[in-house]
Amino acid sequence: MNVKPDDRPPPASFLEGLSVQIRCISALIIRDMMMRYGRANIGFLWIILEPMLLTAGVMLIWSFIKSGNQHGIGLLTLVLTGYMPLTLWRHLTGAGIHAFRRNVGLLYHRHITLIDTLFSRMILEFGGTTAALFAVYSVLALAGAVEPLKDPGLAVLGWLSMAILSVGMGMIFAIATEYSEVAERFVQPIQYLMLPISGAFFMVAWLPKFAADLALYNPTVHCYEMFRAGFLGESVTTHYSPWYPITFGIVLIFFGLVSINSVRDNLHTG
């Protein structure tokens, strides 16, 4: 007897339900890759090459306008540890803009939810940017342009904390842009205004005490400090709290999850 997809019974267990959601998200990731990059030429590899090329371009420009070391830190190391987390932040937060509206048609499938459509895009962006980081670092390390990681675990923690924070902010952008068309106009200004205070191109130890105290209220600063501490070890002074950006990001994600139902109602009635 043939059973239509919409007539299937609900999953019998948590593990079966989890398996269904994993298959849905995997399918959505493949769909996003095909829609954005197609099958021609190198296809989905562009998701890795894009951030690689941008980072290489920034490194090249900085090498012409800056000296070889900044406060005792190699220029390429400074750019790598600043620009790659910044790229992760931009890609994950930008993925939230009108994310639900673009994928509302997929809700026809009973197992696909709004959160699946958003998280699939987030996973794709995170995977591509992480692969780009690994590729750029490997090339520079093999060429002797940057030193080997002093504390890989701490670097990974800094990278993941930035990802959690970015996912939370991306969810806020996704919800805000569904409620108001005007909200989209504020996303890029917010990202640009965040740039000089984000910690991407400075370290807390370089600042006067009052400025350093203020900077540490910004959760992204802690992510950059952790990431650089993983690269540079005890050769530099770093200031960070691992739990501050992670907690901040989890609170944003929780708020986003709670608000999903109201967004769904807005999409159906809009």
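Peer 1: Any chance you could explain empty space enclosed by the protein here in plain terms?
Peer 2: Take a probe with the size of a water molecule and roll it over the atoms, and the empty space left behind shows itself. Counted according to the given criterion, the structure contains one cavity of 30 Å³ or more. Here the largest cavity defines a volume of roughly 60 Å³. Every residue lining the largest cavity is listed: Leu-86, Trp-89, Arg-90, Gln-191, Met-194, Leu-195, Ser-198, Thr-220 and Tyr-224. If you list the elements that add at least two residues to the lining of the largest cavity, you get α3 (75-94), α7 (181-194) and α9 (219-232). No other element matches α3, which puts three residues into the lining of the largest cavity. Taken together, the residues of the lining of the largest cavity break down into five nonpolar, three polar and one charged.

Peer 1: Could you clarify how one ought to interpret the confidence of the model for the protein chain in this entry?
Peer 2: Put simply, the protein chain has an average pLDDT of 82, and 86% of its residues get 70 or more. Averaged pLDDT values over the elements of the protein chain bottom out at 64 in strand β1 (residues 69-70) and peak at 95 in α9. Within the model, the stretch residues 1-9 combines pLDDT values under 50 with seven contacts to residues more than four positions away or in other chains.

Peer 1: Teacher, can you tell me more about the nonpolar core here?
Peer 2: As a rule of thumb, soluble globular proteins bury nonpolar side chains together. Within the largest apolar cluster, 47 residues are counted, with the highest numbers of intra-cluster contacts made by Leu-80, Phe-100, Leu-118 and Phe-231. Counting only elements with at least two residues in this core, the list comes to α2 (46-65), α3, α4 (99-102), α5 (114-142), α6 (152-179), α9 and α10 (243-269). Looking at this core element by element, the count peaks at ten residues for α3. Once residues within four sequence positions are removed from consideration, Leu-80 is found in contact with Met-59, Pro-85, Leu-133, Val-136, Tyr-137, Leu-140, Phe-227 and Phe-231.

Peer 1: Teacher, can you tell me more about the packing of aromatic side chains here?
Peer 2: For any two aromatic rings, the description comes down to two numbers: the centre-to-centre distance and the angle of the planes. Applying the stated criterion across every chain, the model contains four aromatic pairs. Relative to Phe-248, the ring of Tyr-244 lies with its centre 6.2 Å away and its plane at 70 degrees, an arrangement referred to as edge-to-face. Highlighted residues: Tyr-244 and Phe-248, both in helix α10, separated by four residues, approximately one helical turn. Classification of Phe-248 as partly exposed rests on a relative accessible area of 35%.

Peer 1: Please explain the pattern of salt bridges as it appears in this structure.
Peer 2: In total, this model carries three salt bridges according to the counting rule given. Measuring nitrogen to oxygen at the nearest pair gives 3.0 Å for the salt bridge that ties Lys-209 to Asp-213. Of the two residues, Lys-209 and Asp-213 are both situated in helix α8 (residues 209-215); the distance of four residues between them amounts to about one turn of the helix. You can call Lys-209 exposed: its relative accessible area is 64%.

About the thresholds
- Residues numbered from 1 in each chain as written.
- Predicted model: local features only at pLDDT ≥ 70, side-chain atom pairs only at ≥ 80, totals over all residues.
- Heavy atoms only, no water.
- 1 Å grid on protein atoms, 1.4 Å probe; cavity = no way out; pocket = protein on both sides within 12 Å on 5 of 7 lines; lining within 4 Å.
- Points joined across faces, edges and corners; volume = space filled by probe spheres on them.
- Helix = DSSP H or I, 4+ residues; strand = E, 2+ residues; numbered from the N terminus.
- Nonpolar A, V, L, I, M, F, W, Y, C, P; charged D, E, K, R; others polar.
- pLDDT = per-residue confidence, 0-100.
- Contact = heavy atoms within 4.5 Å.
- Core = buried A, V, L, I, M, F, W, Y, C linked by side-chain atoms within 4.5 Å.
- Buried < 20%, exposed > 50% of the residue type's maximum accessible area, 1.4 Å probe, protein only.
- Phe/Tyr/Trp six-rings, centres within 6.5 Å; stacked < 30°, edge-to-face > 60°.
- Salt bridge = Lys/Arg side-chain N within 4 Å of Asp/Glu carboxyl O.

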